[in-house]
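Chains, contacts and geometry: an overview
Now for the letters of each chain:
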Amino acid sequence: MGSPKAPVSQATQHPHNVQPWGNYLFAQGKDTRNAGLGRLRALDDEFLMQVLALLPAETLGRLACVNRAFYCFSNHEDLWRALTLEAPELEGKWRFKNTWQQTYLKASLPIHNFHRKHPLRVQGFYSDLLYQPWHCTTVPLHSSWLKRDTIDRRTGLSVEDFKQQYELPNKPVILQNTIDDWPALLNWNSKYLKKVFKGNTILAGDYPMGFDNFLAYSQRSRDEMPLYLFDKHFASKAPQLAADYKVPKYFDEDLFSVLGEAGRPDFRWLIMGPPRSGSTFHKDPNATSAWNAVVTGSKKWIMYPPSALPPGVHASDDGADVACPVSLIEWFLNFYKESQKGPVQPLEGICRAGEVLFVPRGWWHMALNLEESIAVTQNYVSSANLQHVVDFLKGGRAELVSGCPFEQRGRLHDAFLSALQQQRPQVHCLSSCAELLLSP
Amino acid sequence: MADKVKLRSSDQQMFEVEEEVAFQSLTVKNMSEDTGLDAPIPLPNVSSKILAKVIEYCKYHVDAEKKADDKPSKTEEEIKTWDTDFVKVDQSTLFELILAANYLNIKSLLDLTCLTVANMIKGKTPEEIRKTFNIVNDFTPEEEEEVRKENQWAFE
């Protein structure tokens, strides 16, 4: 056979020594998985996990005592993360310890004295489902993933040039030196955010939690897809944050503002996450465009034009359902090479502190935080995409409209046009004169 | 007269099923949209024994939802009872039903079967779990003691 595999370095070994399934093919010893599951070996890992996900904590604890294979399955962090985040009685009470399992147990049994030792390391247990997430957390980022830099970078662009060269042709660009005067660049760090969010919760992965708890989690977690602070209410919870930045001049037309803050769909988010957090491929809602400003840290972006489906992504014909089944790192491991060889090349680049990315409407995009990063983003409607947004809202598929209460979605089209007509009559006229707008 | 769909199991048995019943499986529904209803739809991952059970499940649930006098024909209570009886099968059949429900993309059946297995594990001691599924204890005595200490909280 071929040369022996290089030994996996200690740092990346799974805590219970779970091996990837591929290793089984070269192994000489017993297969702990199949021998260890009894009749349950008929179920693939995926289904076994679905069953285990239905079990309460005590059952998982007992299951861990059954044998080596079940020890590995029961200790899978995904199970304990779900138990912690989904337990209504623990909301606001849990504090992140070093693992989700410890976090859950400490929160639900606060006075219990837990016996702690090094996790048991088993031999001969093979499972991609258990191994892969650990691998993704620890595998170093390949330099090839970060090298390509094909998104235009511009400094000192006039608003008119931006519209003509990027917004109207619907092309991405990284705008430099356009937010140099933001107080955010001086103020925003964990200490500051902790202060301004005191007494409030933030939304991470759509779960409410205290900011300092999120920070503790961020710094200690070994999650493959870390919880990502993505909070649309940051400005009402911490008005200082809204005062620390202002919308760059290129984007201040902001036509949805005619609906007022109560009537407009969600439009601005504070974003923060540890290294390897981020967003998998998606298109932004309601045919809007967006800008994303990195305040601290750095993000690797990969972008595909609207009509080109990125590798590894599945979308229904009407675009209503998008599935990107793999995590960010898994996408890089499995699909990055393919993305470099496809008929449509993605645009890529790293956005660093002080830089703003323009995300044109309809473009697929994914973002990977290369270090702990804080960013702010807004979606917007301008004359350039007005017709598209109007058409999208008119389309009549209420379930595709997002960012506002369900009852409002069907009426958003009419409400928007009527408010536009009242407040910006010259722009309202443009929406029916779109051809004149786009012609040379 | 309702349209019928022809389904062919892995062991080449043919089942003719009403469209509404067959389309409880999103896999079958999608495949028939590609190939039409004339040709039989091959299901190489599902044996005739399991396919018959799946069809029984789908048929019951389609009938149970049918409305007469503006009320569904079966109450939630009745459906639950029927479901409970439906899954009273040997383990190997139950596991095959999970795999089939996944392959055929019938969410309610997948949920029901997974929950059934979960309930077979809940509340049991490690030894009882081993007995239920014929699992061998491969811990060394030292390992077993360590693991037991680590999880003592689950026994109190």
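Residues numbered from 1 in each chain as written. Chains lettered and ligands numbered in written order. Predicted model: local features only at pLDDT ≥ 70, side-chain atom pairs only at ≥ 80, totals over all residues. Heavy atoms only, no water.

Moving on to the confidence of the model for chain B. In this model, chain B carries a mean pLDDT of 93, and residues with pLDDT of at least 70 account for 99%. Prediction confidence for the complex, expressed as pTM and ipTM, is 0.86 and 0.92 respectively. (pLDDT = per-residue confidence, 0-100.)

Our focus in this paragraph is the sheet that holds strand β1 (residues 4-8) of chain B. Residue and element names in this part refer to chain B. Across the sheet, three strands lie side by side as β2-β1-β3; this open sheet has mixed pairing. Since the sheet does not close on itself, it has two edges, and those belong to β2 (14-18) and β3 (41-42), each with one partner. The sheet contact formed by β1 and β3 spans two bridges and is parallel. Each bridged residue has a counterpart across the sheet, and for Leu7 the counterpart in β3 is Ile41. Against the sheet, helix α3 (residues 48-65) contacts β1 and β2, and its axis sits at roughly 10 degrees relative to β2. (Pairing = 2+ DSSP bridges. Helix = DSSP H or I, 4+ residues; strand = E, 2+ residues; numbered from the N terminus. Contact = heavy atoms within 4.5 Å. Axes fitted to C-alpha atoms, helices over the stretch in contact; angles between N-to-C directions.)

What follows covers the pattern of salt bridges. All names here are of chain B. Scanning all chains against the criterion turns up 24 salt bridges over all chains. A salt bridge links Glu20 to Lys66; the nearest nitrogen and oxygen atoms lie 3.4 Å apart. Pair noted here: Glu20 is in helix α1 (residues 19-22) and Lys66 is in the loop between α3 and β4 (67-68), with a separation of 46 residues, a long-range link. Here Glu20 falls in the partly exposed class, since its relative accessible area comes to 44%. Two residues, Glu33 and Lys29, come together in a salt bridge whose shortest N-O distance is 3.6 Å. (Salt bridge = Lys/Arg side-chain N within 4 Å of Asp/Glu carboxyl O. Buried < 20%, exposed > 50% of the residue type's maximum accessible area, 1.4 Å probe, protein only.)

Chain A puts 37 residues into the contact, and the matching count from chain B is 39 residues. Carbon and sulfur atoms supply 67% of the area that chain A and chain B bury against each other, a total of about 3,500 Å² over both sides. Of all residues in chain A, the largest losses of buried area upon contact with chain B belong to Arg39, Arg62 and Cys65 of chain A, amounting jointly to 19% of the total for that side. Close ionic contact of Glu143 of chain B with Arg68 of chain A constitutes a salt bridge, the shortest N to O distance being 3.1 Å. (Buried area = accessible area lost by both parts, 1.4 Å probe.)

On to the sheet that holds strand β12 (residues 347-352) of chain A, then. Residue and element names in this part refer to chain A. What the four strands build is an open sheet, ordered β7-β14-β9-β12; its pairing is antiparallel. Edge positions in the open sheet fall to β7 (278-282) and β12, since each of these has one partner strand only. Sheet twist, expressed as the average angle between the axes of neighbouring strands with direction ignored, equals 20 degrees. Sitting on the sheet, helix α17 (residues 328-341) touches β7, β9 (298-304), β12 and β14 (364-369), and the angle it makes with β14 is about 130 degrees.

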